Amino acid sequence: MQELARLEGTAQPWHEVRRRLDDAATLLELAREEEDPEPYAEEIRGELERVRQDWERLEMADILSGPHDAANALMEINSGAGGTESCDWASMLLRMYLRWAERNGFSAEVLDQVEGEVAGLKNVTVRFKGENAYGYLKGEHGVHRLVRISPFDANKRRHTSFASVDVIPEIEEEVEIEIPRDDLKIDTYLSGGAGGQNVQKNETAVRITHLPTGIVVSCQNERSQLKNREFAMKVLRSRLAEIQRREQAARIAELRGDQRAIEWGNHIRSYVLDDRRVKDLRTNYETGNPTAVLDGEIEPLLHAYLTQFRSRA
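These numbers come from a predicted model, not from an experiment.

Novice: Tell me about the pairing of strand S3 (residues 121–129), residues and numbers included.
Specialist: Of the pairings in the sheet, the one linking strand S1 (residues 73–79) to S3 comprises six bridges and is antiparallel in character. Opposite Ile77, over in S3, you have Val124 as the bridge partner. Here strand S2 (residues 107–115) hands over to S3 after five residues, with Gly120 in that stretch at a positive phi of 75°.

This is how it looks when you write it as structure tokens:
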């Protein structure tokens, strides 16, 4: 009976959308019989727009129903080969995701970052907090390619840069993932800062290495070493849980005989600035406004991935 009630609760909003569409169709037939159908037309247009918005909300709620979709997201951005160009590209991606979070009501917290030697970031770890944060961002996992006229090249030549994005759900403490103490190497160091009166004199930053897998997590945003260690362990548990999930998914794919196409450079999306083009190679979704995309307007890209790969995501 509980399962029946749950299924009825899921289906009822869709039945309501169908009923409203039928009512709009009936009203349209009545309008056609009137000498002046314009008053009806305005009401029908308004109702259809409201139905469209409700339909999109229901569709997204249906898509974001995976086991971890509702969780917070932990994102790691790593610059690829290319030195300053790739480091700058990693910082551009960070800004893009932070702007997206701000636009959509998610909070974002930088947990750890390593700056490039000249500009940008070698790598950065960010926590996105809010309902369905992981569900929305999980499709961003992969290599992102940037093509532009380099601001660091005096000859104004075209450069190609790569950066990888890794996204995992934040696993809550109650998830049982046992990590033997002997499997950990824990280092402490001075957290970065602007210096002056706020310079850290104690080693509050924590770096934990999981020896069997080689996973390294760091946290330095808290002023307490204990809190940094607790959060670093939380990130490590989340990464180990994601490895288990992907191993299970790989076993299922092997049984099904699924094969993935090998894309050039393994990148999932290209951002070509001088051609004013951003294209997702998985969905073939393309937009001619890279400035808006890099300013955080990535909702169409996220939606295209989620709707096309809803069974895989």
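Moving on from the coordinates now.
Novice: Talk me through the pairing of strand S7 (residues 205–210); I want residue IDs and the actual numbers.
Specialist: With five of six residues buried, S7 is to be regarded as a mostly interior element. Pairing of strand S6 (residues 184–189) with S7, which is carried by six bridges, proceeds in the antiparallel orientation. In the strand pairing of S7, Lys185 is matched with Thr209. Looking at chain direction, S7 and strand S8 (residues 215–219) are connected through five bridges and run antiparallel. Considered in S8, the bridge of Val206 is made with Cys219.

Novice: Account for the sheet that holds strand S11 (residues 286–287), with residues named and values stated.
Specialist: Taken in spatial order, the eight strands line up as S2-S3-S1-S5-S4-S9-S10-S11 in an open sheet, and their pairing is mixed. What marks the edges here is a single partner per strand, and that holds for S2 and S11.

Novice: Any chance you could break down a negative patch on the surface for me, citing the residues and the numbers?
Specialist: A cluster of acidic residues, Glu33, Glu34, Glu35 and Asp36, forms a negative patch at the surface. Following the sequence through the fold, Glu34 ends up in the loop between helix H1 (2–32) and helix H2 (38–63). Exposure remark for Glu34: the relative accessible area of 40% places this residue in the partly exposed category.

Novice: An account of the pattern of salt bridges is needed here, citing residue identities and associated values.
Specialist: Here the structure, examined in full by the defined rule, presents 29 salt bridges. In this structure, Glu47 engages Arg20 in a salt bridge whose closest nitrogen and oxygen atoms are separated by 2.9 Å. Placement of Glu47 in helix H2 and of Arg20 in helix H1 is noted, with a sequence separation of 27 residues between them. Take Glu47 and Arg20: they sit in the same class, and that class is buried. As a salt-bridge pair, Arg45 and Glu38 come within 3.1 Å of each other at their nearest N and O atoms. Here Arg45 falls in the partly exposed class, since its relative accessible area comes to 46%. Each of Arg20, Glu47, Arg50 and Asp54 takes part in a single network of salt bridges with overlapping partners.

Novice: Tell me about the side chain of Lys138, residues and numbers included.
Specialist: Within the secondary structure layout, Lys138 lies in the loop between helix H4 (133–137) and strand S4 (142–149). There is a polar contact of 2.8 Å between the side chain of Lys138 and the side chain of Asp69.

Novice: How would you sum up the packing of H1 against H2? Please name residues and give values.
Specialist: At a minimum axis separation of 10 Å, H1 and H2 run at an interaxial angle of 165°. On the basis of their axis angle, the class for H1 and H2 is roughly antiparallel. Remark: the crossing between H1 and H2 carries left-handed chirality. Of the residues in H2, those in contact with Pro13, Trp14, Val17, Arg20, Leu21, Ala24, Leu27, Leu28 and Ala31 of H1 are Tyr40, Glu43, Ile44, Glu47, Leu48, Arg50, Val51, Asp54, Trp55, Leu58 and Glu59. Looking at the contact of H1 with H2 residue by residue, the classes come out as 14 nonpolar, no polar and six charged.

Novice: Talk me through the environment of Asn289; I want residue IDs and the actual numbers.
Specialist: Turning to its location among the elements, Asn289 is positioned in the loop between S11 and helix H6 (290–294). Under the relative-accessibility criterion, Asn289 is labelled partly exposed at 34%. Measuring from C-alpha to C-alpha, the distance between Asn289 and Asp275 comes to 9.8 Å, with 14 residues separating the pair along the chain.

Novice: Go over the sheet that holds S8 with me, naming the residues and quoting the values.
Specialist: Sheets are built from strands that pair by backbone hydrogen bonding, the pairs being arranged parallel or antiparallel. Within the open sheet, the three strands sit side by side as S6-S7-S8. Their pairing is antiparallel. Since the sheet does not close on itself, it has two edges, and those belong to S6 and S8, each with one partner. Direction aside, neighbouring strands of the sheet carry axes that sit 15° apart on average.

Novice: Lay out H2 with the relevant residues and their values.
Specialist: For H2, with 26 residues, the first-to-last C-alpha span of 37 Å sits near the 38 Å given by 1.5 Å per residue. Where H2 is concerned, the buried positions are Ile44, Glu47, Val51, Leu58, Glu59, Met60 and Ile63.

Novice: Explain the confidence of the model for the protein chain to me, using residue names and the numbers behind them.
Specialist: Residues of the protein chain with pLDDT of at least 70 account for 88%, and the chain-wide mean is 84. Here residues 194–199 scores under 50 on pLDDT; set against residues more than four positions off or in separate chains, the count is zero contacts.

Novice: Tell me about the nonpolar core, residues and numbers included.
Specialist: Judged by nonpolar contacts, the single largest core of 31 residues is most densely connected at Ile77, Leu93, Tyr97, Phe128 and Tyr271. Put simply, the parts of the chain that give this core at least two residues each are S1, helix H3 (84–103), S3, H4, strand S5 (158–169), H6 and helix H7 (299–308). Per-element accounting of this core gives the leading share, nine residues, to H3. Once residues lying within four places of it in the same chain are set aside, the contact partners of Ile77 are Ala90, Leu93, Leu94, Tyr97, Lys122, Asn123, Val124, Ser164 and Val165.

Novice: Explain H7 to me, and be specific about the residues and the numbers.
Specialist: Turning to H7, its buried residues number three or more, namely Leu301, Leu302, Ala304, Tyr305 and Leu306. Summarising the contacts, the buried residues of H7 are in contact with H2, H3, H4, strand S9 (267–272), strand S10 (277–280) and H6.

Parameters and conventions
- The residue numbers shown here count from 1 along each chain, following its written sequence.
- Selection of residues for local features in this predicted model requires a pLDDT of at least 70, selection of side-chain atom pairs for listing and counting requires 80 or more, and totals for whole chains, interfaces and linings are taken over all residues.
- Excluded from the side-chain calculations are hydrogens and water; all other atoms, namely the structure's heavy atoms, are used.
- At least two bridges found by DSSP between two strands is the condition for calling them paired.
- To qualify as a helix, a DSSP run of H or I must reach at least 4 residues; to qualify as a strand, a run of E must reach at least 2; elements of each kind are numbered from the N terminus.
- Residue exposure (1.4 Å probe, protein chains only): buried if accessible area is under 20% of the type maximum, exposed if over 50%, otherwise partly exposed.
- The patches described consist of residues with a relative accessible area above 30% and no salt bridge, like charges being joined within 9 Å and nonpolar side chains (Val, Leu, Ile, Met, Phe, Trp, Tyr) within 5 Å.
- Using a 1.4 Å probe, the Shrake-Rupley method yields the accessible areas, and only the shown protein chains count as cover for residues.
- Any carboxyl oxygen of Asp or Glu that lies within 4 Å of a side-chain nitrogen of Lys or Arg is treated as forming a salt bridge with it.
- All tallies of charge rest on Lys and Arg as positive and Asp and Glu as negative; His and the ends of each chain are not included.
- Charge coordinates come from a single atom per side chain, which is NZ of Lys, CZ of Arg, CG of Asp or CD of Glu.
- The definition of a polar contact used here is a pair of N or O atoms within 3.5 Å, where within protein one atom must be able to donate a hydrogen and the other to accept one, and adjacent residues in sequence count solely through side-chain atom pairs.
- Simply put, an axis is a line fit to the C-alpha atoms, just over the touching stretch for a helix, and the angle between two N-to-C directions goes from 0 to 180 degrees.
- Oblique is the label for any angle not covered by the other classes, which are roughly parallel (under 35 degrees), roughly antiparallel (over 145) and roughly perpendicular (65 to 115).
- Take the far helix as the reference: if the near one is turned anticlockwise from it by less than a right angle, the crossing is left-handed, and if turned clockwise, right-handed.
- We call two residues contacting when some pair of their heavy atoms lies within 4.5 Å.
- Throughout this entry, Asp, Glu, Lys and Arg are counted as charged residues, while Ala, Val, Leu, Ile, Met, Phe, Trp, Tyr, Cys and Pro are counted as nonpolar. The remaining residues, Gly among them, count as polar.
- By this rule, a helix spans an expected 1.5 Å times one less than how many residues it contains.
- You can read pLDDT as the predictor saying how much it trusts each residue, on a scale of 0 to 100.
- Among the buried residues, those of types Ala, Val, Leu, Ile, Met, Phe, Trp, Tyr and Cys that are joined through side-chain atoms within 4.5 Å form a nonpolar core.

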